[in-house]
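Chain and residue survey
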Amino acid sequence: MKITVLTQFPEMFGPVLDSSILGRAKEKGLLKTELVNIRDYSVDKHRKTDDAPFGGGYGMVMTPQPAFDALKGCGAEGKRILYMSPRGRMLDKDLACELSKEEELFILCGHYEGVDQRIIDAWSMEEVSIGDYILTGGELASMVLIDCVARLIPGCLSDEDAAVSESIYSGLLEYDQYTKPREFRGLNVPDVLWGGNHRLIHLWQYENALRLTKKRRPDLFEEYVRSEKSLTKDEKKILDTVFSEY
Ligand code: ADE
(Lines give C-alpha, C1' and ligand atoms only; values in the text may rest on other atoms or scores of the structure.)
Protein backbone atom coordinates (compact mmCIF):
# COMPACT_ATOMS: atom_id res chain seq x y z
CA MET A 1 0.00 0.00 0.00
CA LYS A 2 1.23 3.49 -0.74
CA ILE A 3 0.19 6.49 1.35
CA THR A 4 1.06 10.02 0.23
CA VAL A 5 0.69 12.71 2.87
CA LEU A 6 0.41 16.36 1.86
CA THR A 7 1.44 18.58 4.72
CA GLN A 8 3.09 21.87 5.63
CA PHE A 9 5.05 20.03 8.34
CA PRO A 10 6.69 16.91 6.87
CA GLU A 11 9.32 16.96 9.63
CA MET A 12 6.66 15.83 12.12
CA PHE A 13 6.37 12.39 10.52
CA GLY A 14 9.86 10.84 10.43
CA PRO A 15 10.10 9.03 13.77
CA VAL A 16 6.50 7.81 13.64
CA LEU A 17 6.67 6.36 10.13
CA ASP A 18 10.13 4.86 10.57
CA SER A 19 9.80 3.16 13.99
CA SER A 20 8.31 -0.04 15.31
CA ILE A 21 5.63 -1.82 13.29
CA LEU A 22 5.33 0.93 10.66
CA GLY A 23 9.09 0.93 10.16
CA ARG A 24 9.06 -2.85 9.74
CA ALA A 25 6.13 -2.70 7.32
CA LYS A 26 8.13 -0.26 5.22
CA GLU A 27 11.24 -2.45 5.34
CA LYS A 28 9.16 -5.46 4.28
CA GLY A 29 7.77 -3.43 1.36
CA LEU A 30 4.19 -3.70 2.64
CA LEU A 31 3.88 0.04 3.15
CA LYS A 32 5.34 2.94 1.21
CA THR A 33 4.94 6.51 2.37
CA GLU A 34 5.65 9.76 0.59
CA LEU A 35 5.64 13.15 2.26
CA VAL A 36 4.78 16.11 0.08
CA ASN A 37 5.51 19.58 1.41
CA ILE A 38 2.65 21.77 0.22
CA ARG A 39 4.83 24.84 0.72
CA ASP A 40 7.10 23.62 -2.12
CA TYR A 41 4.21 24.18 -4.52
CA SER A 42 3.37 27.72 -3.46
CA VAL A 43 3.95 30.34 -6.15
CA ASP A 44 3.99 33.06 -3.50
CA LYS A 45 7.41 34.66 -3.09
CA HIS A 46 7.29 33.90 0.66
CA ARG A 47 6.01 30.35 0.01
CA LYS A 48 2.76 31.29 1.75
CA THR A 49 0.09 28.58 1.81
CA ASP A 50 -2.69 30.28 3.75
CA ASP A 51 -4.63 33.50 4.10
CA ALA A 52 -7.31 35.12 6.23
CA PRO A 53 -10.83 33.67 5.84
CA PHE A 54 -13.44 35.54 3.81
CA GLY A 55 -16.21 36.66 6.10
CA GLY A 56 -13.79 37.29 8.93
CA GLY A 57 -12.96 35.12 11.88
CA TYR A 58 -9.84 33.85 13.56
CA GLY A 59 -7.01 31.86 12.09
CA MET A 60 -5.78 31.22 8.59
CA VAL A 61 -7.17 29.06 5.82
CA MET A 62 -5.12 27.03 3.30
CA THR A 63 -5.35 28.68 -0.13
CA PRO A 64 -6.33 26.62 -3.18
CA GLN A 65 -3.24 27.17 -5.36
CA PRO A 66 -0.53 25.28 -3.45
CA ALA A 67 -2.93 22.49 -2.52
CA PHE A 68 -4.23 22.02 -6.09
CA ASP A 69 -0.71 22.03 -7.52
CA ALA A 70 0.66 19.69 -4.84
CA LEU A 71 -2.20 17.23 -5.41
CA LYS A 72 -1.63 17.31 -9.17
CA GLY A 73 2.15 17.08 -8.70
CA CYS A 74 1.95 13.90 -6.65
CA GLY A 75 -0.56 12.16 -8.91
CA ALA A 76 -3.67 12.35 -6.75
CA GLU A 77 -6.07 12.86 -9.67
CA GLY A 78 -8.86 10.27 -9.58
CA LYS A 79 -7.48 8.69 -6.39
CA ARG A 80 -9.00 8.27 -2.93
CA ILE A 81 -8.09 11.41 -1.00
CA LEU A 82 -8.75 11.89 2.71
CA TYR A 83 -8.81 15.23 4.44
CA MET A 84 -8.20 15.04 8.20
CA SER A 85 -10.84 17.19 9.89
CA PRO A 86 -12.91 17.20 13.08
CA ARG A 87 -15.98 17.58 10.82
CA GLY A 88 -15.35 14.23 9.15
CA ARG A 89 -16.54 10.64 9.41
CA MET A 90 -15.27 9.17 12.65
CA LEU A 91 -12.34 6.81 12.22
CA ASP A 92 -13.26 3.39 13.61
CA LYS A 93 -12.30 -0.22 12.97
CA ASP A 94 -14.66 -0.55 9.99
CA LEU A 95 -13.17 2.48 8.23
CA ALA A 96 -9.62 1.37 9.10
CA CYS A 97 -10.33 -2.08 7.70
CA GLU A 98 -11.84 -0.62 4.51
CA LEU A 99 -8.87 1.72 4.00
CA SER A 100 -6.34 -1.08 4.59
CA LYS A 101 -7.61 -2.75 1.40
CA GLU A 102 -6.71 0.25 -0.78
CA GLU A 103 -3.56 0.11 -2.88
CA GLU A 104 -3.09 3.84 -2.73
CA LEU A 105 -4.29 6.64 -0.46
CA PHE A 106 -3.67 10.37 -0.30
CA ILE A 107 -4.09 12.36 2.89
CA LEU A 108 -4.27 16.14 3.12
CA CYS A 109 -3.40 17.71 6.47
CA GLY A 110 -4.76 21.17 7.17
CA HIS A 111 -3.67 23.60 9.84
CA TYR A 112 -5.14 26.49 11.76
CA GLU A 113 -8.74 27.11 10.65
CA GLY A 114 -8.71 24.50 7.91
CA VAL A 115 -8.61 24.63 4.14
CA ASP A 116 -10.54 26.49 1.42
CA GLN A 117 -13.68 24.41 0.74
CA ARG A 118 -12.92 24.40 -3.00
CA ILE A 119 -9.96 22.09 -2.32
CA ILE A 120 -12.24 19.55 -0.62
CA ASP A 121 -14.98 19.80 -3.24
CA ALA A 122 -12.91 19.87 -6.43
CA TRP A 123 -10.82 16.87 -5.32
CA SER A 124 -13.83 14.92 -3.93
CA MET A 125 -12.09 14.49 -0.59
CA GLU A 126 -13.48 12.36 2.22
CA GLU A 127 -13.24 14.13 5.55
CA VAL A 128 -12.07 11.90 8.40
CA SER A 129 -11.99 12.75 12.11
CA ILE A 130 -10.14 10.86 14.83
CA GLY A 131 -12.34 12.14 17.64
CA ASP A 132 -14.53 14.89 19.01
CA TYR A 133 -11.74 17.27 19.92
CA ILE A 134 -9.74 19.83 17.98
CA LEU A 135 -6.07 19.25 17.22
CA THR A 136 -3.81 22.05 16.03
CA GLY A 137 -3.55 20.33 12.67
CA GLY A 138 -4.23 17.19 10.69
CA GLU A 139 -0.70 15.79 11.02
CA LEU A 140 -1.16 13.89 14.29
CA ALA A 141 -4.57 12.71 13.12
CA SER A 142 -3.12 11.38 9.87
CA MET A 143 -0.40 9.51 11.79
CA VAL A 144 -3.06 7.86 13.95
CA LEU A 145 -4.93 6.86 10.80
CA ILE A 146 -1.80 5.51 9.08
CA ASP A 147 -0.83 3.53 12.18
CA CYS A 148 -4.17 1.81 12.62
CA VAL A 149 -4.62 1.18 8.90
CA ALA A 150 -1.09 -0.18 8.37
CA ARG A 151 -1.37 -2.79 11.11
CA LEU A 152 -4.31 -4.29 9.20
CA ILE A 153 -2.31 -4.81 6.01
CA PRO A 154 -1.82 -8.58 5.68
CA GLY A 155 1.70 -9.54 6.79
CA CYS A 156 2.23 -6.40 8.84
CA LEU A 157 1.63 -7.99 12.25
CA SER A 158 3.24 -11.21 13.40
CA ASP A 159 1.03 -14.33 13.05
CA GLU A 160 0.54 -14.34 16.79
CA ASP A 161 -0.69 -10.72 16.94
CA ALA A 162 -2.97 -11.28 13.97
CA ALA A 163 -4.42 -14.44 15.53
CA VAL A 164 -5.27 -12.57 18.72
CA SER A 165 -7.07 -9.80 16.91
CA GLU A 166 -9.14 -12.29 14.94
CA SER A 167 -9.96 -14.47 17.91
CA ILE A 168 -13.00 -14.65 20.13
CA TYR A 169 -11.66 -11.59 21.92
CA SER A 170 -12.25 -9.28 19.00
CA GLY A 171 -15.05 -6.88 19.77
CA LEU A 172 -14.03 -6.91 23.44
CA LEU A 173 -11.56 -4.75 25.32
CA GLU A 174 -8.30 -6.54 25.97
CA TYR A 175 -7.97 -8.61 29.14
CA ASP A 176 -5.50 -7.61 31.88
CA GLN A 177 -1.88 -8.57 31.16
CA TYR A 178 0.84 -9.58 33.62
CA THR A 179 4.51 -10.47 33.34
CA LYS A 180 7.37 -11.48 35.65
CA PRO A 181 7.85 -11.47 38.55
CA ARG A 182 4.95 -13.51 39.97
CA GLU A 183 5.07 -11.42 43.12
CA PHE A 184 6.18 -7.78 43.21
CA ARG A 185 6.23 -5.94 46.54
CA GLY A 186 3.29 -7.95 47.78
CA LEU A 187 1.31 -7.59 44.53
CA ASN A 188 0.49 -10.98 43.01
CA VAL A 189 -0.28 -12.25 39.53
CA PRO A 190 -3.58 -14.22 39.51
CA ASP A 191 -2.73 -17.87 40.28
CA VAL A 192 -4.37 -19.32 37.19
CA LEU A 193 -2.02 -17.43 34.84
CA TRP A 194 1.11 -19.22 35.98
CA GLY A 195 -0.52 -22.60 36.53
CA GLY A 196 0.19 -23.74 32.95
CA ASN A 197 -3.37 -24.94 32.24
CA HIS A 198 -4.03 -23.30 28.86
CA ARG A 199 -7.75 -24.00 28.88
CA LEU A 200 -8.19 -22.34 32.28
CA ILE A 201 -5.92 -19.44 31.29
CA HIS A 202 -7.99 -18.84 28.18
CA LEU A 203 -11.25 -18.93 30.16
CA TRP A 204 -9.84 -16.50 32.75
CA GLN A 205 -8.79 -14.12 29.98
CA TYR A 206 -12.17 -14.39 28.30
CA GLU A 207 -14.06 -13.68 31.51
CA ASN A 208 -11.73 -10.80 32.35
CA ALA A 209 -12.24 -9.26 28.89
CA LEU A 210 -16.02 -9.70 29.14
CA ARG A 211 -16.25 -8.07 32.58
CA LEU A 212 -14.01 -5.17 31.63
CA THR A 213 -15.96 -4.52 28.43
CA LYS A 214 -19.32 -4.71 30.19
CA LYS A 215 -18.17 -2.22 32.82
CA ARG A 216 -16.29 0.30 30.64
CA ARG A 217 -17.99 -0.03 27.27
CA PRO A 218 -21.55 -1.35 27.68
CA ASP A 219 -22.18 -0.39 24.03
CA LEU A 220 -19.44 -2.76 22.81
CA PHE A 221 -20.57 -5.47 25.23
CA GLU A 222 -24.12 -5.36 23.91
CA GLU A 223 -22.86 -5.51 20.32
CA TYR A 224 -20.65 -8.48 21.23
CA VAL A 225 -23.53 -10.37 22.90
CA ARG A 226 -25.65 -9.90 19.79
CA SER A 227 -22.89 -10.79 17.30
CA GLU A 228 -22.43 -14.15 15.53
CA LYS A 229 -19.70 -16.15 17.22
CA SER A 230 -18.85 -19.77 17.82
CA LEU A 231 -18.26 -20.42 21.50
CA THR A 232 -17.35 -23.57 23.38
CA LYS A 233 -19.69 -24.76 26.14
CA ASP A 234 -17.42 -23.25 28.79
CA GLU A 235 -17.19 -19.90 27.00
CA LYS A 236 -20.97 -19.79 26.56
CA LYS A 237 -21.45 -20.47 30.29
CA ILE A 238 -19.09 -17.61 31.19
CA LEU A 239 -20.80 -15.25 28.77
CA ASP A 240 -24.26 -16.15 30.17
CA THR A 241 -23.03 -15.57 33.75
CA VAL A 242 -21.42 -12.19 33.00
CA PHE A 243 -24.43 -11.14 30.90
CA SER A 244 -26.96 -11.90 33.64
CA GLU A 245 -24.98 -10.15 36.41
CA TYR A 246 -25.72 -6.55 37.34
N1 ADE B 1 -7.68 18.16 12.68
C2 ADE B 1 -7.94 18.85 13.80
N3 ADE B 1 -8.65 18.14 14.67
C4 ADE B 1 -8.86 16.91 14.09
C5 ADE B 1 -9.52 15.73 14.49
N6 ADE B 1 -10.14 15.62 15.66
N7 ADE B 1 -9.54 14.70 13.64
C8 ADE B 1 -8.95 14.81 12.44
N9 ADE B 1 -8.30 15.90 12.01
C10 ADE B 1 -8.25 16.94 12.81
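Numbering of residues starts from 1 in every chain and runs along the sequence as written. At least 70 in pLDDT is required for a residue's local features to be given in this predicted model, at least 80 for side-chain atom pairs to be given and counted, and no such filter applies to totals for whole chains, interfaces and linings, which use all residues. For side-chain calculations, the full set of non-hydrogen atoms in the structure is used, while hydrogens and water are omitted.

The next subject is the packing of aromatic side chains. Two aromatic rings from Phe, Tyr or Trp, using only the six-membered ring of Trp, form a pair when their centres are within 6.5 Å; if the ring planes differ by under 30 degrees the pair is stacked, by over 60 it is edge-to-face, and anything between is tilted. Applying the stated criterion to the full structure yields 3 aromatic pairs. Taken together, a centroid distance of 5.9 Å and an interplanar angle of 85 degrees make the contact between Phe68 and Trp123 edge-to-face. Residue Phe68 is found in helix α3 (residues 64-73), and its partner Trp123 is found in the loop between α5 (117-122) and β7 (126-129); the two are separated by 55 residues along the sequence. Accessibility expressed as a relative area gives 12% for Trp123, which makes it buried. With 6.5 Å between their ring centres and 65 degrees between their planes, Tyr206 and Tyr224 make a pair best called edge-to-face. A helix here means a DSSP run of H or I that spans at least four residues, while a strand means a run of E at least two residues long, and both kinds are numbered starting from the N terminus. Burial classes: relative accessible area under 20% of the type maximum marks a residue as buried, over 50% as exposed, and values in between as partly exposed (1.4 Å probe, protein chains only).

This next bit is on the pairing of strand β5 (residues 81-90). Paired strands, as defined in this entry, are two strands with at least two bridges between them according to DSSP. Pairing of β5 with strand β6 (residues 104-109) involves 4 bridges; the strand directions are parallel. Note on β6: the bridge partner recorded for Leu82 is Ile107. Sheet topology note: the β5/β7 ladder contains 5 bridges and is parallel. If you follow Met90 over to β7, its bridge partner there is Ser129.

Along the chain, Phe9 turns up in the loop between β1 (2-7) and α1 (14-18). The criterion used for residue contact is that any of the two residues' heavy atoms lie within 4.5 Å. Sequence-distant contacts of Phe9, defined by excluding residues within four places in its chain, comprise Arg39, His111, Tyr112 and Glu139.

Further remarks concern the pattern of salt bridges. Between side chains of opposite charge, pairing is possible as soon as their charged atoms come close. Any Lys or Arg side-chain nitrogen located within 4 Å of an Asp or Glu carboxyl oxygen qualifies as a salt bridge. For the structure on display, the rule yields 17 salt bridges. A salt bridge links Glu34 to Lys2, with the shortest nitrogen-to-oxygen separation between them at 2.8 Å. Highlighted residues: Glu34 in strand β2 (residues 32-37) and Lys2 in strand β1, separated in sequence by 32 residues. With a relative accessible area of 30%, Glu34 lands in the partly exposed category. In this structure, Lys79 engages Glu104 in a salt bridge whose closest nitrogen and oxygen atoms are separated by 3.0 Å. Placement of the pair is Lys79 in the loop between α3 and β5 and Glu104 in strand β6, with a sequence separation of 25 residues. Given the relative accessible area of 24%, Glu104 is considered partly exposed. Connected through shared salt-bridge partners, Arg80, Arg89, Glu98, Glu102 and Glu126 make up one network.

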